[in-house]
2 protein chains.
Amino acid sequence: MASDDRDEAEILAANEAFYAAFAAGDYLAMEGLWAEDLPVSCIHPGWPPVRGREKVMQTWKGILAKPPRPPISAMEATATKAGDAWLVTCFEAIGELYLSASNLFVREGGLWRLVHHQSGESAQAPKIMQNQSSKAIH
Amino acid sequence: MASDDRDEAEILAANEAFYAAFAAGDYLAMEGLWAEDLPVSCIHPGWPPVRGREKVMQTWKGILAKPPRPPISAMEATATKAGDAWLVTCFEAIGELYLSASNLFVREGGLWRLVHHQSGESAQAPKIMQNQSSKAIH
């Protein structure tokens, strides 16, 4: 497998791990997914930018104490290289609520770790859900 | 000036150029700010992820045909290194409406170019505006 393909597979797995930790409300797993030495930042839906590991992890502690129900999951995740960082763009599904997200990963200590996450509500559902609902109607 | 400091100054200037093009509705300037060869993506407020230069630039053509009034500007822009990419997080101010944004830059052809932008409404104003309004009240 070419190096980029392997990286892409690892990034998408790290992105899945992020949403698994989010859905499970697993703060320790979430903490382990974020870079420790590199600068990190986070923009939650409706939030101002939060910068610095300590403040970012504080926000996650609050959010993961009561994770969204139904559980959040990623859809249509797509990874692209940005220099030697990788960006994942995806939908986030919480039941029938959809958000659009950017997750930025950088390799740190041999692992791909999050350095940034932004999420905001999407007025449009993922294509696969639009198709399903149109099938349901017709 | 150390290399990182020079890069940071260039990134913040590129970020300013992005908002100047946005405010002016200058599509050609906007087009020149986005990477040509690297994969690009964009998540406008309330939008699903848009991927690929052609589609992303189409969205900008539509948006810049009628740019926001009062003109958009960036506040509290902060640049951090993410591998050899750079991420800017900032507020976007449109009059008294505030949004939070992520802008990802990668060097391409000797210039720092945008490979990703996400913006979403912020329920909280930048600190400097909160201070101003609290001064106005007391």
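Residues numbered from 1 in each chain as written. Chains lettered and ligands numbered in written order. Predicted model: local features only at pLDDT ≥ 70, side-chain atom pairs only at ≥ 80, totals over all residues. Heavy atoms only, no water.

**Q** When you look at empty space enclosed by the protein in this model, what are you seeing that I'm missing?
**A** As enumerated under the stated definition, the model contains one cavity of 30 Å³ or more in all. Approximately 40 Å³ is the volume attributed to the largest cavity. Every residue along the wall of the largest cavity is listed here: Leu87, Ser102, Asn103, Leu104 and His116 of chain A together with Leu87, Ser102, Leu104 and His116 of chain B. Where the lining of the largest cavity is concerned, the elements lending two or more residues are strand 5 (97-108) of chain A together with strand 5 (97-108) of chain B. Element by element, the count of residues in the lining of the largest cavity is highest for strand 5 of chain A, at three residues. (1 Å grid on protein atoms, 1.4 Å probe; cavity = no way out; pocket = protein on both sides within 12 Å on 5 of 7 lines; lining within 4 Å. Points joined across faces, edges and corners; volume = space filled by probe spheres on them. Helix = DSSP H or I, 4+ residues; strand = E, 2+ residues; numbered from the N terminus.)

**Q** Honestly, the pattern of salt bridges in this entry has me stumped. Any pointers?
**A** Two side chains with opposite charge may pair up if their charged atoms get near one another. Residues and elements named next belong to chain A. According to the stated counting rule, one finds 10 salt bridges over all chains in the structure shown. A salt bridge links Asp7 to Arg107; the nearest nitrogen and oxygen atoms lie 3.4 Å apart. Separated by 100 residues along the polypeptide, Asp7 in helix 1 (residues 3-24) and Arg107 in strand 5 bring together distant segments of the chain. For Asp7, a relative accessible area of 11% gives the class buried. Across the pair Arg107 and Glu10 runs a salt bridge, and its minimum N-O distance is 3.1 Å. Residue Arg107 is found in strand 5, and its partner Glu10 is found in helix 1; the two are separated by 97 residues along the sequence. With a relative accessible area of 38%, Arg107 lands in the partly exposed category. Owing to a relative accessible area of 30%, Glu10 belongs among the partly exposed residues under this scheme. Residues participating in the shared-partner salt-bridge network are Asp7, Glu10 and Arg107. (Salt bridge = Lys/Arg side-chain N within 4 Å of Asp/Glu carboxyl O. Buried < 20%, exposed > 50% of the residue type's maximum accessible area, 1.4 Å probe, protein only.)

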